[in-house]
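Given next are the chains, with one letter for each unit.
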Amino acid sequence: MSPLAAVPPMGWNSWDVFGSSVTEAETRANAEFIAEHMAEHGWEYVVVDIQWYEPKARAGGYNPGAELVLDEHGLPQPAPNRFPSAAGGAGFKPLADHIHSLGLKFGVHILRGVPRQAVAADAPIKGTPYTASQIADEDRPCAWNDDNWGIDHSHPGGQAYYDALARQFADWGVDYVKADDMIGPYWADEIEALRRAIDRSGRDMVLSLSPGVGLPIDHAEHLKAHSHLWRISGDLWDRWRDVDGQFDLLRDWAPHAGPGHWPDADMLPLGRMGLRAEVGEPRESLLTLDEQRTMLTLWCIARSPLMVGADLPSSSPETIELLTDPEVLASLRHPVGAREVWREGDLLAWASEDGAFAALFNRGEADVELELPWSALGLAGPERVRDCWNRADLAAGDHLKVRLRPHGAALLRLH
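What counts as what
Residues numbered from 1 in each chain as written. Predicted model: local features only at pLDDT ≥ 70, side-chain atom pairs only at ≥ 80, totals over all residues. Heavy atoms only, no water. UniProt positions renumbered as here; feature names shortened; annotations may be inferred. Helix = DSSP H or I, 4+ residues; strand = E, 2+ residues; numbered from the N terminus. Axes fitted to C-alpha atoms, helices over the stretch in contact; angles between N-to-C directions. Parallel < 35°, antiparallel > 145°, perpendicular 65-115°, else oblique. Contact = heavy atoms within 4.5 Å. Nonpolar A, V, L, I, M, F, W, Y, C, P; charged D, E, K, R; others polar. Pairing = 2+ DSSP bridges. Phe/Tyr/Trp six-rings, centres within 6.5 Å; stacked < 30°, edge-to-face > 60°. Buried < 20%, exposed > 50% of the residue type's maximum accessible area, 1.4 Å probe, protein only.

Within an unreviewed UniProt entry, the label attached to the protein chain reads Alpha-galactosidase, and the organism entered is Glycomyces mayteni. Under Sequence similarities (unreviewed entry), UniProt gives the following word-for-word description of the protein chain: "Belongs to the glycosyl hydrolase 27 family." If you open the UniProt record of the protein chain and go to Catalytic activity (unreviewed entry), you find "Hydrolysis of terminal, non-reducing alpha-D-galactose residues in alpha-D-galactosides, including galactose oligosaccharides, galactomannans and galactolipids."

See below:
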């Protein structure tokens, strides 16, 4: 049986476009767009990001001391003013059912720990004699959001709280859990407890960990054992410097990518963004077309998960065409890993270990006519060369010849 997340997950996440204030109507609209225009190309997850339990969530920050929607056991519930189908204690099940009916999968974001509001109310932990105040670790708060306290996992109620949360997600039909404030700083006991809870829940759920700021490679084996994907950087936005920063990170993390465990270079800030986001005003992605192709080429050759952050129904047809290019996406799902194989100044190359794909990148500010012997990339001369972005066959020979625009890339399939 193939492991869960046997290939890098592909989907949509609400953060880049709606921040913490996404609504059910917006989630449904994006899910329906994916089902109609993108699912056949592998796009399948629909993920509601942070603070779906906050009735007054807004763009550009978090409300201090927010009054959250919790059940009697301190478990977060969708705010009914934003997710009307959750009224009456239905939770996310009606929304998940709708997304499943489209042939897609549903995901939610959670923040590490237990809600401070549940701790203040001393809410009973479901199925146990323990209460929320007994498991709170106030010395381990999130540095950027005050919704939760950390959990003391030396107390059995800590695991029990995560068990109850994971069972609730399973009952709702959740397929993907994005757990935030887990790995920057690194909370090994929280990661292990949440993964244990998911495994006990009775439902397969992909576990994604964030945020990855300064994440040491030393944690790779622990991450592979306890999660399906993990961020390798902070939040990435539609700025070239953010994309450029991923080259070195993906080079270092690539050896740890494989079925069931994927280093995650973060979301794709492509298309219509920033309608109510944390960063920036409403806009089309500020990345140039060359930079967008470079981003997708790097993410695909390195086999990073693909989570697009746009409002897809209002994004341009050109953006959707980029995201659904079958020849480019084939490199993402290629069963053999790739590595950086050559670098000289602002130019670098990646190649898959079986020689099936090669990617060339120009991080500089000038056009480059690149000519290299295939042996410089550790490759034998191919019989046929296919330019994936331009869907054209190129002349094969002893040398690779390609023109790269500033911040541009080429993706080649080699036969």
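**Student:** Report on the UniProt feature "domain: Alpha galactosidase C-terminal" (unreviewed entry) in the protein chain, specifying residues and quantitative values.
**Tutor:** The positions UniProt marks with the feature "domain: Alpha galactosidase C-terminal" (unreviewed entry) are residues 353-414. Helix makes up 0% of residues 353-414 and strand 48%. Its end C-alpha atoms lie 12 Å apart.

**Student:** So what's going on with the packing of helix H10 (residues 246-253) against helix H11 (residues 289-301)? Which residues, and what values?
**Tutor:** Packed helices, taken two at a time, are described by the angle their axes make and the gap between the axes. Between H10 and H11, whose axes approach to 11 Å, the crossing angle comes to 10°. With respect to H11, the element H10 is oriented roughly parallel. Along the contact surface, H10 presents Gln246, Phe247 and Leu250, while H11 presents Thr294, Leu298 and Trp299. Across the contact of H10 with H11, the residue classes break down as four nonpolar, two polar and no charged.

**Student:** Run through the sheet that holds strand S21 (residues 409-414), naming residues and quoting values.
**Tutor:** Reading across the sheet, the six strands line up as S14-S15-S16-S21-S18-S19 and stay open at both edges, with antiparallel pairing between neighbours. The strands lining the two open edges of the sheet, one partner per strand, are strand S14 (338-344) and strand S19 (392-394). Strand after strand, the sheet turns through a mean of 25° between neighbouring axes, direction not considered. Of the strand pairs in this sheet, strand S15 (residues 347-352) and strand S16 (residues 357-362) are connected by five bridges, and their pairing is antiparallel. If you follow alanine 349 over to S16, its bridge partner there is leucine 360. Seen against the sheet, H11 touches S14, S15, S16 and S21 and runs at an angle of roughly 140° to S16.

**Student:** Hey, could you go over the packing of aromatic side chains for me, with residue numbers and the actual values?
**Tutor:** Throughout the structure, instances matching the rule amount to twelve aromatic pairs. Ring centres of tryptophan 52 and tryptophan 172 lie 6.0 Å apart, and the angle between their planes is 75°; this geometry places the pair in the edge-to-face category. With tryptophan 52 in the loop between strand S2 (45-48) and helix H3 (93-101) and tryptophan 172 in helix H6 (residues 156-172), the pair connects residues that are 120 residues apart, well separated along the chain. By the burial criterion, tryptophan 52 is buried, and tryptophan 172 matches it. For the ring pair phenylalanine 92 and phenylalanine 106, a centre distance of 5.2 Å and an interplane angle of 65° mean the geometry is edge-to-face.

**Student:** Describe in detail unusual backbone geometry, supporting the description with residues and values.
**Tutor:** With the exception of glycine, the majority of residues adopt a negative phi angle, and the majority of peptide bonds are in the trans configuration. Residues glycine 184 and proline 185 are joined by a peptide bond in cis, for which omega reads 5°. Of note, proline 185 is situated in the loop between strand S7 (176-180) and helix H7 (188-200). If you check the backbone angles, glutamine 51 has positive phi at about 65° while not being a glycine. The topology assignment puts glutamine 51 in the loop between S2 and H3. Phi is positive for aspartate 181, close to 60°, though the residue is something other than glycine. Here aspartate 181 lies in the loop between S7 and H7.

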